[in-house]
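# Coordinates in review
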Amino acid sequence: MIVCKFGGSSLADEGQIGKVKKIIESNADRKLIVVSAPGKRSSDDIKITDLLYACARTAADGGSIQKVFNRIRERYLGISGSLAGELDEIEHNIAAGYGADYAASRGEYLSAKMLSVYFNAGFIDAAEVIRLTADGRVDPRSYELVKERTAGDGRYIIPGFYGTDPSGAVRTFSRGGSDITGAIAARAVHADLYENWTDVPGLLMADPRIFDNPPVVREITYREIRELACAGANVFHEEAIAPVKDAGIPINIRSTNDPEQKGTLITSSRSAADVPVAGISGKKGYTAVRLEKFMLNRYDSFHSGVLKTLHGMNVEPGFILYGNDSVVFLIEAEKLKEIPDFRDKLLSCPGAPDRVDLEPGIAVIGIVGEGMRAEYSNAGTITAAVFSRLHEHRINPRYTSFGGSDSMLLIGLQEPDFSKALEAVYSVLKK
Ligand code: ASP
């Protein structure tokens with residue numbers, strides 16, 4: 001059994017929908033389909049979800065949504081005439097103030113309704129089977145509900161991106177959240193594979209906005225994906241990893257526009273012998289917060305006191321680097337801007353540091369791969385090559401961490417060095 005999720009670009013117009021139909025029908029195991037709302041048809045087009053959010057905002061401000069909603073109406077009716085009644089009702093509800101979550105969810109709802117006819121599949125409303133807890137997490141009851149409803153023969157289609165909260169109200173996931181619905185569905189039916197169909201050939205080794213044609217990563221582990229995301233890569237929706245990771249279901253990211261390609265397979269383990277590094281990512285905008293305390297590890301309250309204080313200010317450190325008498329937290333600078341007297345608050349926290357220094361303008365680069373673990377026995381071959389290349393470019397890393405995570409070498413540097421450093425690292429690793 002294969003669960004397939006198709007993203008908005010795969011469903012943007014009739015031509016794309018035709019490709020999706022072919023993909024589904026070419027394999028009888030593709031029995032459970034999760035769909036997004038129609039995406040952009042060209043680079044200057046607007047996604048249906050964005051139009052729906054705009055309607056919800058206008059309605060909340062007391063304006064008329066008619067003009068924007070007509071654009072939505074035209075797009076759906078251009079593909080299927082059978083939705084006219086539903087569209088009228090949805091326009092009415094959004095205008096009546098049903099709110100942003102309801103409005104945004106209708107993109108996926110209408111998409112699935114329309115495609116259930118086209119793909120000859122049974123429609124299941126996500127509102128009936130995807131349950132969310134009060135704090136927006138997946139309620140495990142969803143797994144049973146999806147399993148029950150998809151028990152029959154034939155094909156089923158579920159709209160992505162939304163479910164219902166304990167009060168029965170429609171709630172959406174964060175943007176791109178249809179990936180999460182796909183993962184829930186895959187786990188619910190114990191799928192052999194979760195195929196995530198999109199408009200890119202797979203995950204790329206580095207950011208394609210920075211580098212020309214980075215190679216597609218053929219195989220990557222859940223752990224590597226998580227590390228890449230932490231160091232700034234915009235990869236697979238993080239929350240969509242959890243349901244399938246626990247169940248050991250592989251995810252295959254593939255392109256609707258090039259279905260012959262194998263894409264990227266995300267699995268629980270891979271052999272790192274041939275490809276030690278899966279990818280690199282990087283991010284600017286950190287402040288290094290350095291705390292000093294003489295013999296800090298003697299104080300059992302130091303770490304807990306500092307972390308509690310940070311969490312109390314709603315600050316989650318991106319990276320933590322420990323020394324004997326000091327600890328450095330790399331924290332997103334944007335977060336710190338919102339906190340008055342941040343330094344003073346840390347100085348007087350229960351951990352009682354002797355000194356607190358802030359160094360803004362820090363960037364991080366993460367070199368991620370299951371093969372990093374073997375670096376100790378390989379005399380740090382990759383690490384040595386990376387540092388010597390940085391040295392050739394006169395770039396001095398400010399922070400490094402190697403070992404805390406088994407599969408990532410973290411390099412922190414000053415922001416003006418970031419682009420040059422990223423290029424230097426990439427030039428070592430792309431071979
Ligand atoms: N349509 C929603 C979005 O644009 C959800 C998704 O596509 O996954 O974010």
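Residues numbered from 1 in each chain as written. Predicted model: local features only at pLDDT ≥ 70, side-chain atom pairs only at ≥ 80, totals over all residues. Heavy atoms only, no water.

### Points about the overall build of the protein
Each helix and strand counted, the protein has 15 helices and 16 strands in total. Against the compact-globule benchmark of 22 Å for 431 residues, the protein has a radius of gyration of 24 Å, which places it among compact chains. If one aligns the C-alpha atoms of the protein with their principal axes, the spans along those axes are about 70 × 50 × 40 Å. In the structure as shown, the protein presents an accessible area of about 20000 Å², 48% of it carried by carbon and sulfur atoms. Side chains of the protein carry 51 positive and 57 negative charges; the gap between the two charge centres is 2 Å. (Helix = DSSP H or I, 4+ residues; strand = E, 2+ residues; numbered from the N terminus. Rg over C-alpha atoms; globule rule 2.2 N^0.38 Å. Areas by Shrake-Rupley, 256 points an atom, 1.4 Å probe, with all protein chains shown as cover. Lys, Arg positive; Asp, Glu negative; His and termini not counted. Charge placed at Lys NZ, Arg CZ, Asp CG, Glu CD.)

### Quick notes on the nonpolar core
Judged by nonpolar contacts, the single largest core of 118 residues is most densely connected at Ile94, Leu330 and Ile367. Apart from the residues lying within four places of it in its own chain, the contact partners of Ile94 are Leu52, Cys55, Ala56, Ala59, Ile65, Phe69, Tyr102 and Ala103. Of all hydrophobic cores here, the second largest spans 17 residues; its members include Leu296, Val306, Val315 and Phe329. (Core = buried A, V, L, I, M, F, W, Y, C linked by side-chain atoms within 4.5 Å. Buried < 20%, exposed > 50% of the residue type's maximum accessible area, 1.4 Å probe, protein only. Contact = heavy atoms within 4.5 Å.)

### Let's talk about the side chain of Arg75
Among the structural elements, Arg75 can be located in helix H3 (residues 66-79). For Arg75, a relative accessible area of 11% gives the class buried. At a separation of 2.8 Å, a polar atom in the side chain of Arg75 contacts the main-chain carbonyl oxygen of Gly39. Those residues in contact with Arg75 that lie beyond four places of it in its chain are Ala12, Pro38, Gly39, Arg41, Asp45, Ile46 and Ile48. (Polar contact = N/O pair within 3.5 Å; in protein donor to acceptor, adjacent residues only side chain to side chain.)

### Remarks on the site of the ligand
Ser36, Lys47, Thr49, Glu108, Phe161, Arg175, Gly176, Gly177 and Ser178 make up every residue found near the ligand. Between the ligand and Glu108, the relevant distance is 2.7 Å, taken from a nitrogen atom to a side-chain nitrogen or oxygen of the residue. In the environment of the ligand, an oxygen atom lies 2.7 Å from a nitrogen or oxygen atom belonging to the backbone of Gly176. Alone, the ligand offers 260 Å² of accessible surface; in the complex the protein occludes 94% of this. Here the residues of the shell around the ligand are counted per class, giving one nonpolar, five polar and three charged. (Near = heavy atom within 4 Å. Nonpolar A, V, L, I, M, F, W, Y, C, P; charged D, E, K, R; others polar.)

### Notes on the sheet that holds strand S8 (residues 219-221)
Judged by pairing direction, the sheet is mixed, and its eight strands sit side by side in the order S3-S4-S2-S1-S7-S9-S10-S8 without closing on themselves. For this open sheet the edge positions go to strand S3 (122-123) and S8, each flanked by a neighbour on one side alone. Two strands pair when backbone bridges link them, and S3 and strand S4 (residues 156-159) are joined in this way by two bridges, in the parallel orientation. Bridging across to S4, Gly122 finds its partner in Tyr156. (Pairing = 2+ DSSP bridges.)

### Things to note about unusual backbone geometry
Only a minority of non-glycine residues have a phi that is not negative, and only a minority of peptide bonds are not trans. Backbone geometry at Asn213 places phi at a positive 40 degrees, although glycine is not the residue there. When you line up the elements, Asn213 lands in the loop between strand S7 (193-198) and S8. The backbone phi angle of Met295 is positive, close to 55 degrees, even though this residue is not glycine. Assignment of secondary structure puts Met295 in the loop between strand S11 (279-292) and helix H11 (300-312).

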